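One-letter residues, chain by chain:
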Amino acid sequence: MNALSAVFVGDAQADRVVPPTGYTARLTLFAAAAMAFLTVFALALSLATGRLAQRWGNELAQSSTLRISAPSEQLDAQTDAALAVLESTPGVASARALSADEQRALLSPWFGPDLPIDSLPIPQLIEIKETEQGYDTVGLRHRLQAEVPGAVLDDHTRWRRPLEKAAGRLRFLGWVSIGLIGAATAAMITLAANAALSANAQVIAVLRLIGAQDGYIAQAFVRRFTLRSLTGAALGTAIGMLAIFLLPAAQDEAGFLTGLGFSGASWALPLVIPPLAAVVAYLATGAAARRTLGELA
């Protein structure tokens, strides 16, 4: 608590040790603002991929597709037989054959809306909804092979798992990026603090001659660089949140990138970036000050 109050209250005499302007001040402000801006987007990416993975999982889980390929004169009979099998299968909540319009809508992104579906040998699709317990996939496949030779069951497992895995990896990379941004911020602030300490070597020597302790001198640098980092990070966070807010709204037909943003209470998450940047600056500057003051002794 004393260290925190010292950062915000400060000492007017000690503050004169650190130059209020110059390239170190501009570098610290710019580095903190730029890194905070990038952190906002990395955080938004991580949250967006988490939502994407959940959406993919919810859409593909507890649902299956049955594809029936048969001559046109047998297609209706095999469809009815497949529906009868599904209705008597434990774990199947509902099953329905897709209409020609629904199948045309599924194919229109690849073949256009004017696809003559009635004149093409397109398999009949049956949408299956599972109960929470699910059904015996192996047993159902055996029954379908015996009673509906043209039926192929797809439980979406081969689609769902790779997509969820890819989304999980992308989310992990987002958090790794945030960690790397924090490390880069600490490195740049450390360099700026070292430069400021070296530039004020003669002032530090005079302060020591009149009895100033190294802790007193270091605190002046720590306070100045912490406040600079807090100010720059607050500015970068505000600009980043504004940029996220101005992105297009999420749309199903627009894909993943329009869902890059925050929703609800997640808008409060970027607000922790400036305090975290101040903590990083406090620790980095403190370590740099102790090391450099030891070398100047």
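What counts, and where the lines are drawn
- Residues numbered from 1 in each chain as written.
- Predicted model: local features only at pLDDT ≥ 70, side-chain atom pairs only at ≥ 80, totals over all residues.
- Heavy atoms only, no water.
- Helix = DSSP H or I, 4+ residues; strand = E, 2+ residues; numbered from the N terminus.
- Buried < 20%, exposed > 50% of the residue type's maximum accessible area, 1.4 Å probe, protein only.
- Contact = heavy atoms within 4.5 Å.
- Areas by Shrake-Rupley, 256 points an atom, 1.4 Å probe, with all protein chains shown as cover.
- Phe/Tyr/Trp six-rings, centres within 6.5 Å; stacked < 30°, edge-to-face > 60°.
- Lys NZ or Arg CZ within 6 Å of the ring centre and 35° of its normal.
- Patch = residues over 30% accessible without salt bridge, like charges linked within 9 Å, V, L, I, M, F, W, Y side chains within 5 Å.
- Salt bridge = Lys/Arg side-chain N within 4 Å of Asp/Glu carboxyl O.
- pLDDT = per-residue confidence, 0-100.
- Polar contact = N/O pair within 3.5 Å; in protein donor to acceptor, adjacent residues only side chain to side chain.
- Axes fitted to C-alpha atoms, helices over the stretch in contact; angles between N-to-C directions.
- Left-handed = near helix turned anticlockwise from the far one by under 90°.
- Nonpolar A, V, L, I, M, F, W, Y, C, P; charged D, E, K, R; others polar.
- Pairing = 2+ DSSP bridges.

**A short note on the overall build of the protein chain**
Each helix and strand in the protein chain was counted, giving 10 helices and four strands. Each of the 297 residues in the protein chain was classed as buried or not, and the buried ones make up 39%. Sequence-distant contacts, at least 24 apart, represent 83% of the contacts inside the protein chain between residues at least 6 apart. Accessible area for the protein chain stands at about 16700 Å²; split by element, carbon and sulfur atoms hold 64% of it.

**Concerning the packing of aromatic side chains**
For the structure on display, the rule yields three aromatic pairs. Where Phe245 meets Trp267, the ring centres are 6.4 Å apart and the plane angle is 65°; that geometry is what we call edge-to-face. Taken together, the residues span a long stretch of sequence, with Phe245 in helix H9 (residues 214-245) and Trp267 in the loop between H9 and helix H10 (273-296) at a distance of 22 residues. Each member of the aromatic cluster is reached from another via a ring pair, and the members are Phe245, Phe262 and Trp267. Directly above the ring of Phe225 sits Arg228, whose terminal nitrogen or CZ lies 4.9 Å from the centroid.

**Some details on a nonpolar patch on the surface**
Together, Leu170, Phe172, Leu173, Val176 and Leu180 make up an exposed nonpolar region whose accessible area comes to about 470 Å². Mapping Phe172 onto the fold places it in helix H7 (residues 157-199). Take Phe172: its relative accessible area is 54%, and that puts it in the exposed class.

**Quick look at the side chain of Thr237**
Checked against the element boundaries, Thr237 lands in helix H9. Thr237 sits in the buried class, given a relative accessible area of 3%. When sequence neighbours within four positions are dropped, the list of residues in contact with Thr237 reads Ala36, Val40, Pro270, Ile273 and Pro274.

**Re the confidence of the model for the protein chain**
Of all residues in the protein chain, 80% have pLDDT values of 70 or greater, and the mean over the chain is 79. Mean pLDDT across the elements of the protein chain bottoms out in helix H1 (residues 2-9) (58) and peaks in H9 (87). For residues 252-258, every residue scores under 50 in pLDDT, and the model assigns this stretch nine contacts once sequence neighbours within four places are set aside.

**Concerning the pattern of salt bridges**
The full count for this structure, using the stated rule, is three salt bridges. Here Glu102 makes a salt bridge to Arg96, at a shortest N to O gap of 2.9 Å. Given the relative accessible area of 29%, Glu102 is considered partly exposed. Across the pair Glu127 and Arg96 runs a salt bridge whose closest N-O atoms are separated by 3.1 Å.

**Some words on the side chain of Ser64**
Mapping Ser64 onto the fold places it in strand S1 (residues 63-68). One polar contact links Ser64 to Tyr135, side chain to side chain, over a distance of 2.7 Å.

**Examining the packing of helix H8 (residues 201-209) against H9**
Where H8 meets H9, the closest approach of the two axes is 10 Å, and the angle between their N-to-C directions is 145°. Helix-helix and strand crossings are classified by hand; for H8 and H9 the assignment is right-handed. Of H9, the residues touching H8 (which contributes Ile204, Leu207 and Arg208) are Asp214, Ile217 and Phe221. Residues that form the contact of H8 with H9 fall into these classes: four nonpolar, no polar and two charged.

**A short note on the sheet that holds strand S2 (residues 92-97)**
The antiparallel open sheet is built from four strands, whose spatial order is S2-S3-S1-S4. Each edge of the open sheet is held by one strand with a lone partner, namely S2 and strand S4 (151-154). Sheet twist, expressed as the average angle between the axes of neighbouring strands with direction ignored, equals 20°. With five bridges connecting them, S2 and strand S3 (residues 124-130) associate as antiparallel partners. Bridge pairing in S3 links Ala97 to Ile126. Packing of helix H4 (residues 72-87) onto the sheet brings it into contact with S1, S2 and S3, and relative to S3 it is tilted by some 5°.

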